[in-house]
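Spelled out, the chains give:
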Amino acid sequence: MERKNFDKEPREKEFVEKLVTLNRTSKTVKGGRRMSFSALTVVGDQKGRVGYGFGKANDVSEAIKKSIEKAKRNLVTMSMKNGTLPHEIIGKYKSSSVLLKPACAGTGIKAGGAVRSVMDAVGITDVISKSLGSSSSVNVVRATFNAIENLMDAKAVAAARGKTLDELWG
């Protein structure tokens, strides 16, 4: 009988998973209150890919698991250079707006909870953000993703300005 050699140490996860919000809702039925949970998570590989998911279930862990699975299915790729954004952008979703500005090295992530989770997961280290309008975390995350999807890469920005990449980034 041959024994398989399994690694003792667990392998590193491919994605960073961040729980943005966890909501509890209750429905009153004949026998009392029935609780259910909804979870909003952000998943990223810290190399430019990020996704978000929203899951609902009667159990907390099941809601989180569902939202992580949905987030992994909705990954988008983001262009970044030296740990920051290529240019300033405003993302909008319904009444939420998110302003994202590139920052110089060492600034850190100057952003609120929902935007900070997305930036951590995507691998951005230096950014300045301002959330305007609705503060609903689901809408703020969707507005942030709208901004990410509308970002141009560094080559497109340089071409639009009529400069080379070296002139643009120094």
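The structure we're discussing is the one just above.
Rules and cut-offs
Residues numbered from 1 in each chain as written. Predicted model: local features only at pLDDT ≥ 70, side-chain atom pairs only at ≥ 80, totals over all residues. Heavy atoms only, no water. Helix = DSSP H or I, 4+ residues; strand = E, 2+ residues; numbered from the N terminus. Buried < 20%, exposed > 50% of the residue type's maximum accessible area, 1.4 Å probe, protein only. Contact = heavy atoms within 4.5 Å. Axes fitted to C-alpha atoms, helices over the stretch in contact; angles between N-to-C directions. Parallel < 35°, antiparallel > 145°, perpendicular 65-115°, else oblique. Left-handed = near helix turned anticlockwise from the far one by under 90°. Nonpolar A, V, L, I, M, F, W, Y, C, P; charged D, E, K, R; others polar. Lys, Arg positive; Asp, Glu negative; His and termini not counted. Salt bridge = Lys/Arg side-chain N within 4 Å of Asp/Glu carboxyl O. Polar contact = N/O pair within 3.5 Å; in protein donor to acceptor, adjacent residues only side chain to side chain. Phe/Tyr/Trp six-rings, centres within 6.5 Å; stacked < 30°, edge-to-face > 60°. Pairing = 2+ DSSP bridges.

Draft legend 1. Highlighting the environment of isoleucine 90. Mapped onto the elements, isoleucine 90 comes out in strand E5 (residues 89-93). Residue isoleucine 90 is classed as partly exposed on the basis of its relative accessible area, which comes to 47%. Through-space distance from the C-alpha of isoleucine 90 to that of cysteine 104 is 19 Å; in sequence the pair is 14 residues apart. Aside from chain neighbours lying at most four places away, what touches isoleucine 90 is Ser97, Val98, Leu99, Asn146 and Ala147.

Draft legend 2. Just helix H2 (residues 113-122), in detail. Across the 10 residues that make up H2, a large majority, 7, are buried. Within H2 the residues assigned to the buried category are Ala114, Val115, Ser117, Val118, Met119, Ala121 and Val122. Positive phi shows up at glycine 123, right after H2, with a value of about 105°.

Draft legend 3. Highlighting the environment of lysine 66. Along the polypeptide, lysine 66 turns up in helix H1 (residues 60-73). Considered as a pair, lysine 66 and valine 29 are 37 residues apart in the sequence and their alpha carbons are 25 Å apart. Once you skip the residues sitting within four places of it in the chain, lysine 66 turns out to touch Gly55, Lys56 and Ala57.

Draft legend 4. Quick look at the packing of H2 against helix H3 (residues 137-149). Two elements in contact, H2 and H3, have axes separated by 8 Å at closest approach and are oriented at 45°. Here H2 is positioned oblique relative to H3, judged by the angle of their axes. Considering the relative orientation of H2 and H3, their crossing is right-handed. Contact with H2, carried on its side by Ala114, Val115, Val118 and Met119, involves Ser137, Val140, Val141, Thr144, Phe145 and Ile148 of H3 and no other residues of that element. For the contact of H2 with H3, the per-class residue count stands at 8 nonpolar, 2 polar and no charged.

Draft legend 5. Just the side chain of aspartate 126, in detail. With respect to the helices and strands, the residue aspartate 126 is situated in the loop between H2 and strand E8 (127-133). Notably, aspartate 126 is buried but unbridged: the nearest opposite-charge side chain belongs to lysine 110, and the N-O separation is 8.7 Å. Of note is the side chain of aspartate 126, whose polar atom sits 3.2 Å from the backbone nitrogen of glycine 106. In contact with aspartate 126, not counting residues within four places along its chain, are Asn82, Gly83, Thr84, Ala103, Cys104, Ala105, Gly106, Thr107 and Gly108.

Draft legend 6. Seen up close, the packing of aromatic side chains. All chains considered together, the criterion is met by 1 aromatic pair. Note on tyrosine 52 and phenylalanine 145: the rings are 4.8 Å apart at their centroids and 55° apart in plane angle, and the pair reads as tilted. Note that tyrosine 52 is positioned in strand E3 (residues 49-57) and phenylalanine 145 in helix H3, a separation of 93 residues in sequence. Assessed through its relative accessible area of 22%, tyrosine 52 is described here as partly exposed.

Draft legend 7. Quick peek at the pairing of E5. Where E5 and strand E6 (residues 96-102) come together, 5 bridges link them in antiparallel fashion. Each residue of the ladder has a partner; that of glycine 91, found in E6, is valine 98. Adjacent in sequence and paired antiparallel, E5 and E6 are bridged by 2 residues, among which lysine 94 carries a positive phi angle near 50°.

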